[in-house]
Amino acid sequence: MKSKIEELLRLSLKELISKHLISSAIPNEIQVDRPTQKEFGDFATNVAMPLASREGKPPRDIASIIVHNIKQRHGNMFSSIEIAGPGFINFKVKPEYWVGVLGDILRDKDAYGKSSYGKGKKVQIEFVSANPTGPLHVGHGRGAAVGDTLANILKITGFLVEREYYINDVGNQMNTLGRSVFARYLELCGEEGDFPEDGYQGDYIRDIAADIKARYQDELLHYSTREAVALCRDFASKRILKGIREDLDSFGIEFDRWFSESTLHEEGKIQKAVDILKSRDLIYTSDGALWFRSTRFGDEKDRVVRKRDGTLTYFASDIAYHMDKLERGYDKIIDIWGADHHGYVPRMRAAIEALGGDGDSFHALLIQLVSLERSGRPVYMSTRKGEFVTLKEIIDEVGKDAARYFFLMRKCDSHLVFDLELAKKKSNENPVFYIQYAHARICSILNKASKMGLVPDIGAADLGYVSRGDDLALIKALADYPSLLISCARNLEPHHLSFYLLELAGLFHSFYNKNKVISDNRELSLARLCLVDAVRQVLRGGLSIMGIDAPEVM
RNA sequence: GCGCCUGUAGCUCAGUUGGAUAGAGCAACGGACUUCUAAUCCGUAGGUCGGGCGUUCGAGUCGCCCCAGGCGCGCCA
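Quantities reported herein were computed from a predicted structural model and do not represent experimental measurements.

1. Examining the overall build of chain A
Right, on to step 1. When helices and strands are tallied, chain A shows 20 helices and 15 strands.
Right, on to step 2. Referenced to the eigenvectors of the C-alpha coordinate spread, the extents of chain A come out at roughly 90 × 60 × 40 Å.
Right, on to step 3. The long-range share in chain A, meaning contacts at least 24 apart out of those at least 6 apart in sequence, stands at 71%.
Right, on to step 4. Of the accessible surface of chain A, which amounts to about 26100 Å², a share of 48% is contributed by carbon and sulfur atoms.
Right, on to step 5. When the 75 basic and 78 acidic side-chain charges of chain A are each reduced to a single mean position, those positions are 5 Å apart.

Have a look at this one:
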């Protein structure tokens, strides 16, 4: 509905310009809002105000020209169009037009909410990308939920989306992993195992070592340390990666591509990237190391890509990785990182620009910390000791649905407090439950109705029965859904969806308590069945975008 | 010291990219089940939007300066 108003305004302005009633160009973004005050109508626009300053006329005069034109062209759609305050134009849409939304929803089914906002542009979204050195923990869970949901939102708003997981399977941390496992293995063999200072502490390391022991017995004792560590490293990373895949699977997340860092080395892509930068005079040698001139692109200092000892930095791989992304021709590249990597953004952006990419098409979404609570009391975690709470533990305790919702109920750059007890509650305090319950309630109504021979049928229903009061309020909320998704996509902010669904569920619960859907009035019942069926569809669709089930019975 | 994020009701947070009188939920109090799911709903209260200055028709939103908290600032990953 909102985009329809925008379209009308655009057409109207176009005509006014061609008739020379307005001389400036159409603003590229016409702003239409839902006003906070009910008296102001259903929609409001401020177009007249920015235009006024360019036209050198009072805003209210401009507004009146626009209003006159729209009344002429599309007057039958509105019950009133008024000019208010400094120059707002307020629209009140006729109920007949509002109820049409129900038809859209029931006809389009799961496609309701779809739009062509993204114009088929290719978007790559890389998320989770945890090193295969340990299981996924809570923080990864938040990144996973955000990334997956954002991908779904971008898809439904008309982008072509690819999801990717980047595996850091090269570098020091992998050797540390190998040494850690080998040390535990030696312990199991009754040997002196000097556990590395910087080793991985978690119990999972012992478990992996035990598996190696079970499979190889004492064999590794006869290997050189180097060979043994390498075996442990490969065994462990494979095992851990398998675990990560399983965790993501049970979290409902699938990737289109698992991109291994080692392939960059094998295919010489890092060298290639460095050579390209070198040819553009963006690489220089200093103190025996190779530096990238990231300051040329706004970074605060230049960055090392090859250390004095000849080994490459993590950043070097990342440059090559993003060069690979650029070569794949995406219109938008989204990386989801932990907020502790924020210092990394300028240099990554610099690298992209240096390689000829558009810095503005690169977006690094930073995900803030998650802290766990249990009924308001903090659950302490220490990564250093390996005492972190894993994603698997969370899913096992509160379930996939609650976990996903909780990870999405704050905007990314806010700290998130995840209360495990709240997530398990079956009451209106728990937002997931509240939304799912609304859905189940509707299913129950539809079920009962169908036993009475009543089914929602948009062709047969007289929607005049739902064009007032609580019914109309619900319809207006449903009509917001498509533009809400666009707004999520535009700002890369999936959390709005969780708020929207909560609000819609609240409106429904309130409606439910005041009004009977199935009543003696057959016409009213049929119309309301269409209404609640539409609510059910939007709830289900929204939840599915968030990766949350919509149970029919609870 | 420099940079990024955060600061909105007692608590947890929204605020649609500068719009009209700043909103939810929880907690508290009082009510509603002979009902399509009471696992729900209705009503009542709460504010110097951290502070200050500026930009303009208009600021929670933008700029600058402070204050508080978090996180970064490696030839670590």
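2. Focus on helix 12 (residues 345–354)
Right, on to step 1. Those residues of helix 12 that fall on the buried side of the exposure criterion are Arg347, Met348, Ala350, Ala351, Ile352 and Ala354.
Right, on to step 2. Those residues of helix 12 hidden inside the fold are in contact with helix 10 (269–279), strand 9 (289–292), strand 10 (303–306), helix 11 (314–327), strand 11 (332–338) and strand 12 (362–367).
Right, on to step 3. Just downstream of helix 12, glycine 356 is the residue with a positive phi angle, here 95 degrees.

3. Quick word on the pattern of salt bridges
Right, on to step 1. Scanning the entire structure with this criterion turns up 39 salt bridges.
Right, on to step 2. In this structure, arginine 107 engages aspartate 104 in a salt bridge whose closest nitrogen and oxygen atoms are separated by 3.9 Å. Residue arginine 107 and its partner aspartate 104 are both found in helix 4 (residues 95–108); the two are separated by 3 residues, about one turn of the helix.
Right, on to step 3. For arginine 107, a relative accessible area of 55% corresponds to the exposed category.
Right, on to step 4. Its salt-bridge partner being glutamate 397, residue lysine 424 comes within 2.9 Å of it at the nearest N-O pair. Of the two residues, lysine 424 is situated in helix 15 (residues 420–424) and glutamate 397 in helix 13 (residues 391–398); the sequence distance between them amounts to 27 residues.
Right, on to step 5. What makes glutamate 397 partly exposed here is its relative accessible area of 28%.
Right, on to step 6. In this structure, a network of salt bridges that share partners links the residues Glu162, Glu164, Arg257, Glu267, Lys269, Asp324 and Arg328.

4. Looking at the sheet that holds strand 11
Right, on to step 1. Reading across the sheet, the 5 strands line up as 7-6-5-11-12 and stay open at both edges, with parallel pairing between neighbours. Single-partner strands in this sheet number two, and they are strand 7 (257–260) and strand 12. Taken pair by pair, the neighbouring strands of this sheet meet at an average axis angle of 25 degrees, ignoring direction.

5. Some details on the protein's contact with RNA strand B
Right, on to step 1. Near RNA strand B you find 64 residues, and of these Gln173, Asn428, Tyr434, Ser444 and Asn515 are the closest.
Right, on to step 2. Looking at RNA strand B alone, sugar and phosphate atoms form 64% of those within 4 Å of the protein.
Right, on to step 3. The separation between a sugar or linking oxygen of RNA strand B and a polar side-chain atom of asparagine 131 is 3.2 Å.
Right, on to step 4. Between RNA strand B and the protein, one listed contact pairs a base nitrogen with a backbone N or O atom of tyrosine 512 at 3.0 Å.
Right, on to step 5. Counting residues per element, the ones that place at least two in the surface near RNA strand B are strand 4 (88–93), helix 6 (172–188), strand 9, helix 16 (431–451) and helix 19 (495–514).

6. Brief notes about the packing of helix 17 (residues 469–479) against helix 20 (residues 522–545)
Right, on to step 1. Contact geometry for helix 17 and helix 20: axes closest at 11 Å, N-to-C directions at 30 degrees. Compared by their axis directions, helix 17 and helix 20 come out roughly parallel. Of the two possible hands of crossing, helix 17 and helix 20 adopt the one that is left-handed. The residues of helix 20 that touch helix 17, namely those facing Asp471, Leu474, Ile475 and Leu478, are Arg528, Leu531, Ala534, Val535 and Val538.
Right, on to step 2. Class assignment for the residues of the contact of helix 17 with helix 20 results in 7 nonpolar, no polar and 2 charged.

7. Considerations on the domain arrangement of chain A
Right, on to step 1. Assigned domains of chain A: these are domain 1 (2–93), domain 2 (109–117 + 429–545), domain 3 (122–167 + 253–367) and domain 4 (172–250).
Right, on to step 2. Averaged C-alpha coordinates put domain 3 and domain 4 at centres separated by 29 Å.
Right, on to step 3. The interface is formed by 15 residues belonging to domain 3 together with 14 residues belonging to domain 4.
Right, on to step 4. A combined buried area of about 1200 Å² lies between domain 3 and domain 4, and 69% of that area is made up of carbon and sulfur atoms.
Right, on to step 5. Taken as a group, Pro132, Thr133 and Trp258 account for 46% of the area that domain 3 buries against domain 4, more than any other trio of residues on that side.
Right, on to step 6. Across the contact surface, domain 3 and domain 4 share 0 salt bridges.
Right, on to step 7. On inspection of domain 3 and its partner domain 4, the count reaches 2 residue pairs in polar contact (both at pLDDT 80 or more).
Right, on to step 8. Of the residues contributing to the side of domain 3 that touches domain 4, the split by class is 11 nonpolar, 3 polar and 1 charged.

8. Details of the environment of lysine 109
Right, on to step 1. Summarising the element assignment, lysine 109 is placed in the loop between helix 4 and strand 5 (122–126).
Right, on to step 2. C-alpha separation for the pair lysine 109 and histidine 509, spaced 400 residues apart in sequence, amounts to 22 Å.
Right, on to step 3. A polar side-chain atom of lysine 109 sits 3.1 Å from the main-chain carbonyl oxygen of leucine 106.

9. Overview of the nonpolar core
Right, on to step 1. Core analysis: the largest hydrophobic core is formed by 150 residues, its most contacted members being Ile66, Ile212, Phe407, Phe418 and Leu497.
Right, on to step 2. It is helix 20 that provides the largest number of residues to this core, a total of 12 residues.
Right, on to step 3. Those residues in contact with isoleucine 212 that sit more than four places away from it in its chain are Val181, Tyr185, Gln217, Leu220, Leu231, Cys232 and Phe235.
Right, on to step 4. Formed by 29 residues, the second largest nonpolar core is a distinct cluster that contains Val274, Leu277, Ala351 and Phe362.

10. What to know about helix 10
Right, on to step 1. Of all the positions in helix 10, only Lys269, Ile270, Ala273, Val274 and Leu277 are classed as buried. Seen from one end, helix 10 has its buried residues packed into an arc of 140 degrees, which puts them on one side.
Right, on to step 2. The elements touched by buried residues of helix 10 are helix 9 (261–266), strand 8 (283–286), strand 9, helix 11 and helix 12.
Right, on to step 3. Two residues or fewer after helix 10 comes aspartate 281, characterised by a positive phi angle close to 60 degrees.

11. Considerations on the sheet that holds strand 1 (residues 32–33)
Right, on to step 1. The strand order 1-2-4-3 describes an open sheet built from 4 strands, whose pairing is antiparallel. Each having just a single partner strand, strand 1 and strand 3 (78–84) make up the two edges of the open sheet.
Right, on to step 2. In the sheet, strand 3 pairs with strand 4 via 6 bridges, with the strands oriented antiparallel. The partner of alanine 84 across the bridge, within strand 4, is phenylalanine 88.
Right, on to step 3. Set on the sheet, helix 3 (residues 59–74) makes contact with strand 3 and strand 4; between it and strand 3 the angle comes to about 170 degrees.

12. Some remarks on the side chain of arginine 347
Right, on to step 1. Along the chain, the position of arginine 347 falls in helix 12.
Right, on to step 2. No salt bridge is formed by the buried arginine 347; the nearest opposite charge belongs to aspartate 299, separated by 4.4 Å.
Right, on to step 3. Beyond its immediate sequence surroundings of up to four residues, arginine 347 is in contact with Phe292, Asp299, Arg303 and Phe315.

Conventions and cut-offs
- Each chain carries its own residue numbering, running from 1 in the direction its sequence is written.
- A letter from A marks each chain and a number from 1 marks each ligand, given out in the order of writing.
- Residue-level local features of this predicted model are given only where pLDDT is at least 70; pairs of side-chain atoms are given and counted only at 80 or more, and the full residue set underlies all totals for whole chains, interfaces and linings.
- Values shown for side chains rest on all heavy atoms present in the structure; no hydrogens or waters enter the calculation.
- Elements are defined by DSSP. Helices are runs of H or I of four residues or more, strands are runs of E of two residues or more, and each kind is numbered from the N terminus.
- It only takes one pair of heavy atoms within 4.5 Å for two residues to be counted as in contact.
- Computed with the Shrake-Rupley method and a 1.4 Å probe, the accessible areas treat only the protein chains shown as cover for residues.
- Positive charges come from Lys and Arg alone, negative charges from Asp and Glu alone, with His and the N- and C-terminal ends not counted.
- By convention, the point assigned to a charge is CZ for Arg, NZ for Lys, CD for Glu and CG for Asp.
- Burial classification: accessible surface area is computed with a 1.4 Å probe over protein chains only, and a residue below 20% of its type maximum counts as buried, one above 50% as exposed, and the rest as partly exposed.
- A side-chain nitrogen of Lys or Arg and a carboxyl oxygen of Asp or Glu constitute a salt bridge if their distance falls within 4 Å.
- Paired strands are those between which DSSP finds at least two bridges.
- Fitted lines through C-alpha atoms serve as axes, helices being fitted only where they are in contact, and the angles separating the N-to-C directions of these axes extend from 0 to 180 degrees.
- Here a residue is near a molecule or strand as soon as one of its heavy atoms is found within 4 Å of it.
- Residues adjacent in sequence count toward polar contacts only when both atoms are side-chain atoms; beyond that, a polar contact is any pair of N or O atoms within 3.5 Å, and within protein one must be able to donate a hydrogen and the other to accept it.
- The scheme is simple: roughly parallel for angles under 35 degrees, roughly antiparallel for over 145, roughly perpendicular for 65 to 115, oblique for anything else.
- By convention the crossing between two helices is left-handed if the near helix lies anticlockwise of the far one by an angle smaller than a right angle, and right-handed if it lies clockwise.
- Under the scheme applied here, ten amino acids are nonpolar (Ala, Val, Leu, Ile, Met, Phe, Trp, Tyr, Cys and Pro), four are charged (Asp, Glu, Lys and Arg), and all others, including Gly, are polar.
- Note that the domain bounds were set by an automatic or database domain assignment.
- Accessible area that two parts lose when put together, with a 1.4 Å probe and added across both, is what the buried area reports.
- Residues enter a nonpolar core if they are buried and are Ala, Val, Leu, Ile, Met, Phe, Trp, Tyr or Cys, with the set joined through side-chain atoms within 4.5 Å.
- In this description, one arc is meant: the one made by directions from the helix axis to the C-beta atoms.

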